Amino acid sequence: GILTFIEVLDLSDNDIKGSIPTQIGLLSELTYLRLSYNAFTGAAPEGLGELTQMKLLQLQSNRITEVPNIPGLDESKYDTSTFVTDCGVPSAFDEALVCEHCTMCCNANE
């Protein structure tokens, strides 16, 4: 079965390739998710937006193309490192990710 009671998942800096598994959206108790410094590609799963307990999401240094709104990640409640991804300009990628909900944008060219 799935481990739905996981609260913290840190898979950062593991050179993981491919898309972020949609099953992460089923981890209803997840509060901290660090997937930075891997080789994830494509859109982050829409299910991340359903994680109401989420307090920290770090996706920087991947090739994520789209990130859903995650209501629990509110910069006014936490800090600017709450929701980090490779958005903004200048970008290390051909097309910069626009992330209206990110609390910090981080690019190799900044």
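Below: a short report on this structure. Note that the coordinates shown come from a computational prediction; the quantities given were computed from them, not determined experimentally.

Observations concerning the pairing of strand E4 (residues 39-43)
Here strand E2 (residues 17-18) pairs with E4 via two bridges, running parallel. Residue pairing across strands places Lys17 opposite Ala39, the latter belonging to E4. In this structure, E4 lies alongside strand E6 (residues 63-66), joined through three bridges in parallel fashion. Residue pairing across strands places Ala43 opposite Glu66, the latter belonging to E6.

Structural notes on unusual backbone geometry
Phi at Asp15 takes a positive value of approximately 55 degrees, unusual for a residue other than glycine. Along the chain, Asp15 falls in the loop between strand E1 (8-10) and E2. Residues other than glycine seldom take positive phi values, yet Tyr37 does so here, at roughly 60 degrees. Following the sequence through the fold, Tyr37 ends up in the loop between strand E3 (32-34) and E4.

Here's the deal with the side chain of Thr31
Residue placement: Thr31 occurs in the loop between E2 and E3. Among all residues touching Thr31, those that are not within four sequence positions of it are Glu7, Val8, Gln53, Met54, Lys55 and Leu56.

Considerations on the pattern of salt bridges
Here the structure, examined in full by the defined rule, presents one salt bridge. We note a salt bridge from Asp15 to Lys17, for which the minimum N-O separation is 2.8 Å. On the basis of relative accessibility, which here comes to 60%, the residue Lys17 falls in the exposed class.

Here we look at the sheet that holds E6
Remark on secondary structure: sheet strands pair via backbone hydrogen bonds, oriented parallel or antiparallel. Pairing is parallel in the open sheet, where three strands are placed in the order E2-E4-E6. What marks the edges here is a single partner per strand, and that holds for E2 and E6.

About the criteria used
- Residues numbered from 1 in each chain as written.
- Predicted model: local features only at pLDDT ≥ 70, side-chain atom pairs only at ≥ 80, totals over all residues.
- Heavy atoms only, no water.
- Pairing = 2+ DSSP bridges.
- Helix = DSSP H or I, 4+ residues; strand = E, 2+ residues; numbered from the N terminus.
- Contact = heavy atoms within 4.5 Å.
- Salt bridge = Lys/Arg side-chain N within 4 Å of Asp/Glu carboxyl O.
- Buried < 20%, exposed > 50% of the residue type's maximum accessible area, 1.4 Å probe, protein only.

Read these as spatial facts, not as claims about activity.
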